Amino acid sequence: MTAMIEARGLSLAIHATPILRGVSFALREGETFGLVGESGSGKSMTALSLMRLLPEGAEASGEILLDGRDLMALGEAEMCDLRGREMAMISQEPMTALNPVQTIADQVAETLIVHGAARPREARRIALERLARVGLPPDAIPPDRYPHELSGGQRQRVAIAMAIALRPRLLIADEPTTALDVTTQAQILALLKGLVREEGMGLMLITHDLAVVAGMADRVAVMQEGWIVEEGDTESLFTRMRHPYTRALFEASAHQPERRATARAEPLLVAEDVVREYRMPGLRLFGPAPRFRAVDHVSFTIHKGESLGLVGESGCGKSTLTRALLGLDPIDGGRIRLGGEEITAGRHMPARLRRRMQVVFQDPYASFDPRWKVGRLVAEPFHLLETPPEDPGARVAEVLADVGLPADATDRYIHEFSGGQRQRIAIARALVLSPDLVILDEAVSALDVSIRAQILDLLADLQARLGLAWLFISHDLNVVRAITDRVLVMQAGRIVEEGQTERVLTAPEHPYTQTLIKAAPQIPAAWRKALHG
Amino acid sequence: MIRYLARRLLSLALSLIAASIVIFAVIEVIPGDPAAYMLGLNASPEAVEALRDQLGLNGTAFSRYLDWAGGLLQGDFGQSYTYRVPVAELIGERIQVSLPLAAYALALTVLIAFPVGLIAAARRGRPADWGIMAATQLGIAIPNFWFAMLLVLLFAVKLHWFSAGGFPGWEGGLAAGLKALTLPAIALALPQASILARVMRSSLIDTLHQDYIRTARAKGLTRRQALLRHALRNGLIPVLTIMGLQFSFLLAGAIIIENVFFLPGLGRLIFQAITQRDLIVVESVVMLLVFAVIVVNFVVDIAYGAADPRLRRRR
Amino acid sequence: MRARLPLQFLIGAAIFAAFALAALVSFLWVPHDVTALNIAAKLAPPSREYPLGTDHFGRDMLSMLMVGARTSIAVAILAVGIGMLAGVPLGLWAAARRGSLIDEIIMRGNDLVFAFPSLVIAILITAVFGPSATNAIIAIGIFNIPVFARVSRGAALSLWTRDFIMAARVAGKRAFRISLEHILPNIANVLIVQGTIQFSLGILAEAGLSYVGLGAQPPTPSWGRMLAEAQTMIYTAPRLAILPGLAIVLAVLGLNLMGDGLRDLLDPRLRRARQ
């Protein structure tokens, strides 16, 4: 079979910064091609180059051949004709990828109308058909809804319906499921797979997740810093892994830090029957507003030195629970005690209690005041001490050393550090008062796999040395498996399953846990074995 | 949508009540006896007493407020002391100049700003955009009453195309009336149009950076189609807010501009009333202006709800 | 990395600095006394003695414009000061108590004041206390309060959702301290930009108020009143109307260019795009 679309020596620079350095690959008709890489590897820019939708200031060279015709030589008008008809694209953020003021049916129909493929009435009929095809039948999801009335997964389905409205031969999906929950991800991936099979569409699947391509792609290419370092049939690539970077990526994605058991039987934090409700925006003008129970009679215990995982999808109440545990929001029922003392929200919570518990957040970019230097940022929790330490600088330098950063980091601003370094600084800030418990709220979710592996090692090491307890909140089962002793599974505000991590992840009892584990993409065990064997 | 409307209406009513209380209170603050203040130092005690009676000053502040507000609801603004006619009659006469002037200016503002802003956004970074940005930067800096004087200098004094001022009244025909309002409307509109065009441009450019524009382009829309079909409607939402604010600037501006062109509008009325210490007229005209601003912002809020489906549900 | 100062900022700053300098110099020295009338020299064309000519009372136009700059700048600065001092704390307070009754009250109060354009406030104040420069400052200042309250609340609200604020709360800091230590420094950019905008609007508003006689009173020279006096002589001496107007346009233009330049300089989004 010959290539449908082929890139030859594709290079790209944005404002003279090289992004792609001679990328070549080919996609056959009806084939699924996986493009894997960490952030900054150039995989998204490769997609935009194919569509010729590069940002301003970008200069591309090389050839992009669609059926032997060089797209780089085409004019803008000819490209507009090709986009949506021959090749289509869906992007990462379903929340912002749809026009907020247009109904979903209109947005799907527009693809047909701008290409002159159908008159408005006919276009709408086809649009409804396509929406039904992607799992949004008109009787379940009225086609005159606006995007904000749909969930993230539903929006991504609308984006797919728009992209396949004219049955293009190539669909480029750029991290189509990264922003979605794991169960939704499984559904969207299944949908894409079905479309490839039934419509004979070629799919270029761009992702950072090796496990996703393992289950989806016929062929895979691995990108690093603007190069394709390795390419091949999925199975042979996964079982051989010739390039060291591919191997490193693979090792990092399944990384198991060495852990030492530090958990003791003594309870540290005890939550009993915790309830937290929100008032919903009133549907009536008068009368009591309906209430939404975000945390519904939750009870659990964290022991001293223990690493406890909390798993659940977005909206399950994880963040609400975190805020209640930290004493930031009041609770509407039950109680939370830390070392026997009750946690209360706001100013009633004594500093002496607060300093026993600290937190690390998900986003390494939003976690720090950009106007403060690192020394001051790490020292901020000293506010909780009645008398500041005699030599605060020494303590800051000490914790910075603990997390593997040089002491001179204190004099620099946060923007001078990479994402992984920032997360180290966040951990240092959490440790500066030597707390008993640190809550890690999706603390490694925003990091690339190789950086994530390093941070997991650091966390394991810190726990072994300091004997503190982690509450590790995550949606990622692999990470939870790597770093926790016990795990809680949360769904719709309730803890549905609780137990030793290994037991819960290998022999889940609750149907929801079973769904979660089944939905998580995995690299086939046989391939792993072949690689290591 | 009905709930949204009901809430907006409630907030409209509350704003109007609050505004009337503020205005009433400010006039109340006047040191000494308002009647004596209005009549000046040489007034006889009898005249002052007569005026107090006429003004209904012999009651508690609360009952006087209720009287005044109740009158407003029925269109009764009270009696002008200097003109000795109902204030409503005075206002009714003058508003025939001020309201058409403000509306004329608003229409010009929109007619100029929308295409100009759209062109600048579509051609951003190119010569057309640079030219528009420079021209509007200048337009914002020009005080409207000075611009009005320049217009008089050029079109009335030098070219004799328009008269330098005055208003023939609508009895003289629509065309003559509009002609007399044209220079004032241009003077009012140009600075506001400069502001609006810049808001429009930056709002459109913001929306052009949104993900859904790229989605639209990936569907095969041309740059222009993406701008007109997707960016425009989203970009108009902040423009609406500014238009609402501009109406109050146009009204205030009209008061000043009327002085440049000797137009017998609310502006002339209020300044005469200030010099003649005719507080009832001042109070009434101010209330009317504030009423107009609040109502226009209410209309903008409703338009907001129509333009953005996200708002209909949420609030 | 140090961002390059944008050209428009430099041009704007230079123009405005010239006016500020003229205003400062006028305290110490002006070419001619602006209160002394010299009918013999009335309506003199520009000359060595009178670089910009004289007005209908024989006063030197250059001196009048210099002192007028003082009035304009003083009124506008004080009005911005009132707006910031009252508006920013209100905005920060509303943001710190977002969604609460106090937030609602502050924001509704804002909307209410917004319904009174500064000219209307000036009319009300003048009707009660009589016209003066002070009342012009108060009128423009009151109108500035909701502007700053709204801007600072909006900017603060987006900061309150950020994790670093949560970290400060976990460190036991109260809303007041967080507003002071984290929020205020981070919204300073926005406030400076808004400050220049309100400054230029203040100059325009002062000119308008003085023009209709609600601002600075004689004998204090002001650009707006110079225009009002020139209006009747627009046929015979258009120079009298053109010069003060140009002064206003240039001062406002300088400030606006400065503000736009600052915005480009301080807006991290734009800065990232430039890198």
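Caption draft 1: Looking closely at the pairing of strand β3 (residues 32-36) of chain A. Residue and element names in this part refer to chain A. When you tally the buried positions in β3, you get five out of five residues, the bulk of the element. Here β3 shows no split at all, with Thr32, Gly34 and Val36 on one side and Phe33 and Leu35 on the other all buried. Summarising the sheet, β3 and strand β8 (residues 202-207) pair through five bridges and their orientation is parallel. Each bridged residue has a counterpart across the sheet, and for Val36 the counterpart in β8 is Thr207.

Caption draft 2: Main features of the environment of Arg422(A). Residue and element names in this part refer to chain A. Within the secondary structure layout, Arg422 lies in helix α14 (residues 419-431). Under the relative-accessibility criterion, Arg422 is labelled buried at 7%. In this structure the C-alpha to C-alpha distance between Arg422 and Pro511, which are 89 residues apart in sequence, comes to 38 Å. Beyond its immediate chain neighbours, meaning those up to four positions away, Arg422 contacts Pro364, Tyr365, Phe368, Ile414, His415 and Phe417.

Caption draft 3: Highlighting the interface of chain A and chain C. Across the contact, 27 residues belong to chain A and 20 residues belong to chain C. When chain A packs against chain C, close to 2000 Å² is buried across both sides, 54% of that on carbon and sulfur atoms. In this assembly, chain A and chain C are joined by one salt bridge. In this structure, Lys173(C) engages Glu380(A) in a salt bridge whose closest nitrogen and oxygen atoms are separated by 2.9 Å.

Caption draft 4: Quick peek at the side chain of Asp329(A). Note on placement: Asp329(A) falls in the loop between α10 (318-325) and β14 (333-338). A polar contact is formed between the side chain of Asp329(A) and the side chain of Arg323(A), at a distance of 2.9 Å. Non-local contacts of Asp329(A), meaning those with residues more than four positions away in its chain, are made with Arg276(A), Tyr278(A), Arg323(A), Ala324(A), Ala345(A) and Arg169(C).

Caption draft 5: Quick look at the sheet that holds β8(A). Residue and element names in this part refer to chain A. The strand order across the open sheet built from six strands is β6-β7-β8-β3-β9-β10, with neighbouring strands paired in mixed fashion. The open sheet has two edge strands, β6 (87-90) and β10 (227-233), and neither has a second partner. Here the average twist between neighbouring strands, direction ignored, is 15°. Here helix α9 (residues 244-253) sits on the sheet in contact with β3, β9 (219-224) and β10, set at roughly 95° to β9.

Caption draft 6: Layout of the pattern of salt bridges. Residue and element names in this part refer to chain C. Counted by the stated rule, this structure contains 60 salt bridges over all chains. Asp111 is paired through a salt bridge with Arg108; the nearest N and O atoms lie 2.3 Å apart. Separated by three residues within a single helix, Asp111 and Arg108 lie in helix α3 (residues 101-114), roughly one turn from each other.

Caption draft 7: Highlighting the pairing of strand β18 (residues 469-474) of chain A. Residues and elements named next belong to chain A. Here β18 lies mainly inside the structure; six of its six residues are buried. Side chains Ala469, Leu471 and Ile473 project from β18 onto one buried face, and the interleaved Trp470, Phe472 and Ser474 project onto a second face that is buried too. When strand β13 (residues 307-311) meets β18, the two strands line up parallel, connected through five bridges. Along β18, the bridge assignment pairs Ser307 with Trp470. Alignment of strand β17 (residues 437-441) against β18, held across five bridges, turns out to be parallel. Among the inter-strand pairings, Leu440 is bridged to a residue of β18, identified as Phe472. Remark: the β17/helix α15 (residues 449-466)/β18 crossover connection has right-handed handedness.

Caption draft 8: Layout of helix α8 (residues 223-231) of chain C. In terms of burial, α8(C) is largely enclosed, as seven of its nine residues are buried. Listed in full, the buried residues belonging to α8(C) are Trp223(C), Gly224(C), Arg225(C), Met226(C), Leu227(C), Ala230(C) and Gln231(C). At its buried positions, α8(C) is contacted by α7 (144-158) and α10 (223-261) of chain B together with α1 (7-28), α2 (61-96), α7 (175-211) and α9 (238-266) of chain C.

What counts, and where the lines are drawn
- Residues numbered from 1 in each chain as written.
- Chains lettered and ligands numbered in written order.
- Predicted model: local features only at pLDDT ≥ 70, side-chain atom pairs only at ≥ 80, totals over all residues.
- Heavy atoms only, no water.
- Buried < 20%, exposed > 50% of the residue type's maximum accessible area, 1.4 Å probe, protein only.
- Helix = DSSP H or I, 4+ residues; strand = E, 2+ residues; numbered from the N terminus.
- Pairing = 2+ DSSP bridges.
- Contact = heavy atoms within 4.5 Å.
- Buried area = accessible area lost by both parts, 1.4 Å probe.
- Salt bridge = Lys/Arg side-chain N within 4 Å of Asp/Glu carboxyl O.
- Polar contact = N/O pair within 3.5 Å; in protein donor to acceptor, adjacent residues only side chain to side chain.
- Axes fitted to C-alpha atoms, helices over the stretch in contact; angles between N-to-C directions.
- Right-handed = clockwise from strand over helix to strand, strands pointing away.

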